[in-house]
Amino acid sequence: MISKTMSDSLTNHLNLELFSANQYLVMSSYANEMGLKGAANWFMVQYREEMLHFMRFYTYLTDQGVVISISANKDVPGSYSSLLEMLEKTLTHERMITSCINDLSEQAVVEKDHATRIFLQWFVTEQIEEENNDRDLIAKLKLVGTNGHGILMIDAEMAQRVFVIPPGSPQAV
Ligand code: FEO
């Protein structure tokens, strides 16, 4: 049994995960256009992870008998001056997502909705990893500055990222 308030909050967040996915898909395309194929791969993996997050919320809500609604997506930013800018915007966005997950967890505790609280635990841990990945790349990019060779080395590192479906995930997209 899930309250209407809780299901509305989770549905809002489901839409936010979809927005995140779209944002990273655009960043992948932008990195590709910059000639940074590794970064394009990194953002494509990020896109796929966000779609998986979206599906986790979808599956949880439908299992709880909730009919989801998709809000009209707000425009996804599509112009960046550098890889550093894209990653800084990624980190800012992920910090906002972390804050939303924390708010949802708090709401679940207040409502004594332990099923939702447990469902959200996976996301609490996931956000630590997401922010850490972004911070790591930002630090490296700041070290190399505008040095093309350095940026290409980071791009090569970003090319190594692979999409891994965590155990127990809903059907991936
Ligand atoms: Fe789905 Fe990047 O948090």
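One can find the structure itself at the top, above this paragraph.
What you are looking at is a predicted structure, and each value in this text was computed from that prediction instead of being measured. Each chain has its residues counted from 1, following the order in which its sequence is written. Restriction of local features to residues with pLDDT of at least 70 applies here, the model being predicted, together with a cutoff of 80 or more for giving and counting side-chain atom pairs; totals for whole chains, interfaces and linings are based on all residues. Excluded from the side-chain calculation are hydrogens and water; included are all heavy atoms of the structure.

Let's shift gears to the pattern of salt bridges. The term salt bridge refers to a pairing of a side-chain nitrogen on Lys or Arg with a carboxyl oxygen on Asp or Glu at a separation within 4 Å. As enumerated under the stated definition, the model contains seven salt bridges in all. Put simply, arginine 161 and glutamate 49 hold a salt bridge, and the shortest N to O gap is 3.4 Å. In this pair, arginine 161 is assigned in the segment after helix H5 (148-158) and glutamate 49 in helix H2 (residues 37-63), connecting sequence segments 112 residues apart. Its relative accessible area of 15% is what places arginine 161 among the buried residues. Accessibility expressed as a relative area gives 14% for glutamate 49, which makes it buried. In this structure, lysine 142 engages glutamate 88 in a salt bridge whose closest nitrogen and oxygen atoms are separated by 3.7 Å. Of this pair, lysine 142 sits in helix H4 (residues 114-144) while glutamate 88 sits in helix H3 (residues 83-110), placing them 54 residues apart in sequence. For the exposure calls, accessible area comes from a 1.4 Å probe over protein chains only, and a residue counts as buried if that area is under 20% of its type's maximum, exposed if over 50%, partly exposed in between. We classify glutamate 88 as partly exposed; its relative accessible area is 32%. Look at the salt bridges and you will find they share partners, linking Asp136, Lys140 and Glu157 into a network. Starting at the N terminus, helices and strands are each numbered in turn, a helix being any DSSP run of H or I of at least four residues and a strand any DSSP run of E of at least two.

Turning our attention to the side chain of serine 9. Inspection of the secondary structure assignment puts serine 9 in helix H1 (residues 4-33). The exposure class assigned to serine 9 is buried, which follows from its relative accessible area of 18%. Identification of polar contacts relies on pairs of N or O atoms within 3.5 Å, with a donor-acceptor requirement for protein atoms, meaning one able to donate a hydrogen and the other able to accept it, and with residues adjacent in sequence counted only if both atoms are side-chain atoms. Among the polar contacts listed, one links the side chain of serine 9 to the side chain of glutamine 107, at a separation of 3.0 Å. Ignoring sequence-local partners within four residues, the contact set of serine 9 consists of Leu104 and Gln107. Only heavy atoms enter the contact rule, under which two residues are in contact if any of them lie within 4.5 Å.

The backbone of lysine 112 shows a phi angle near 55 degrees, a positive value even though the residue is not glycine. Inspection of the secondary structure assignment puts lysine 112 in the loop between H3 and H4. Classification of lysine 112 as exposed rests on a relative accessible area of 66%.

On to the nonpolar core, then. Side chains that are nonpolar tend, in soluble globular proteins, to be buried together. In terms of nonpolar packing, the biggest core is built from 21 residues, with Leu10 and Phe57 touching the most fellow members. Put simply, the parts of the chain that give this core at least two residues each are H1, H2, H3 and H4. To form a nonpolar core, buried Ala, Val, Leu, Ile, Met, Phe, Trp, Tyr and Cys residues must be joined to one another through side-chain atoms within 4.5 Å. In this structure, Met27, Phe43, Met86 and Ile154 belong to the second largest nonpolar core, which totals 18 residues.

With that settled, consider the packing of aromatic side chains. Two aromatic rings are characterised by how far apart their centres lie and by the angle between their planes. Here a pair means two rings of Phe, Tyr or Trp (six-membered ring of Trp) with centres within 6.5 Å. Their orientation is stacked below 30 degrees between planes, edge-to-face above 60, and tilted elsewhere. Following the criterion strictly, the structure yields eight aromatic pairs and no others. Arranged with centres 5.5 Å apart and planes meeting at 80 degrees, the rings of tyrosine 30 and tyrosine 80 form a pair that is edge-to-face. Placement of tyrosine 30 in helix H1 and of tyrosine 80 in the loop between H2 and H3 is noted, with a sequence separation of 50 residues between them. When its relative accessible area of 25% is taken as the criterion, tyrosine 30 is described as partly exposed. Positioned above the aromatic ring of tryptophan 122, the side-chain terminus of arginine 56 is 3.7 Å from the ring centre. Placement of a charge over a ring requires the Lys NZ or Arg CZ to be within 6 Å of the ring centre, with the centre-to-atom vector within 35 degrees of the ring normal.

The next thing to look at is H4. Given a rise of 1.5 Å per residue, 31 residues ought to cover 45 Å, and the 46 Å separating the end C-alpha atoms of H4 matches this to within 8%. Bend at a residue means the angle formed by two fitted axes: the first through the 7 residues ending at that position, the second through the 7 residues beginning there. Taken as a whole, H4 carries its principal kink of about 30 degrees at leucine 120. Among the residues of H4, Thr116, Phe119, Leu120, Phe123, Glu126, Gln127, Glu130, Glu131, Asp134, Leu137, Ile138 and Leu141 are the ones counted as buried. In this structure, the buried residues of H4 make contact with H1, H2, H3 and H5. Taken from the residues just after H4, glycine 145 is the one with a positive phi, measuring 60 degrees. Expected span, for any helix, means 1.5 Å times one less than how many residues it has.

We now examine the packing of H2 against H3. The axes of two packed helices give the description: the angle between them and the distance between them. One can describe the packing of H2 onto H3 by two numbers: an axis separation of 13 Å at closest approach and a directional angle of 15 degrees. Judged by the angle between their axes, H2 and H3 are roughly parallel. Considering how the two elements wind past one another, H2 and H3 form a crossing that is left-handed. From H2, Ala39, Trp42, Phe43, Gln46, Glu50 and Phe57 reach across to H3, where they touch Leu83, Met86, Leu87, Thr90, Glu94, Ile101 and Leu104. Note on residue classes: Ala, Val, Leu, Ile, Met, Phe, Trp, Tyr, Cys and Pro are nonpolar, Asp, Glu, Lys and Arg are charged, and everything else, Gly too, is polar. Partitioning the contact of H2 with H3 into residue classes produces nine nonpolar, two polar and two charged. In this description, a line fitted to the C-alpha atoms serves as the axis of each element, helices being fitted only across the stretch in contact, and the angle between N-to-C directions of two axes falls anywhere from 0 to 180 degrees. Geometric relationships in this document are graded by angle, where less than 35 degrees denotes roughly parallel, more than 145 denotes roughly antiparallel, 65 to 115 denotes roughly perpendicular, and other angles denote oblique. By definition, turning the near helix anticlockwise from the far helix through less than a right angle yields a left-handed crossing, and turning it clockwise yields a right-handed one.

All quantities given are derived from atomic positions and should not be read as evidence of function.
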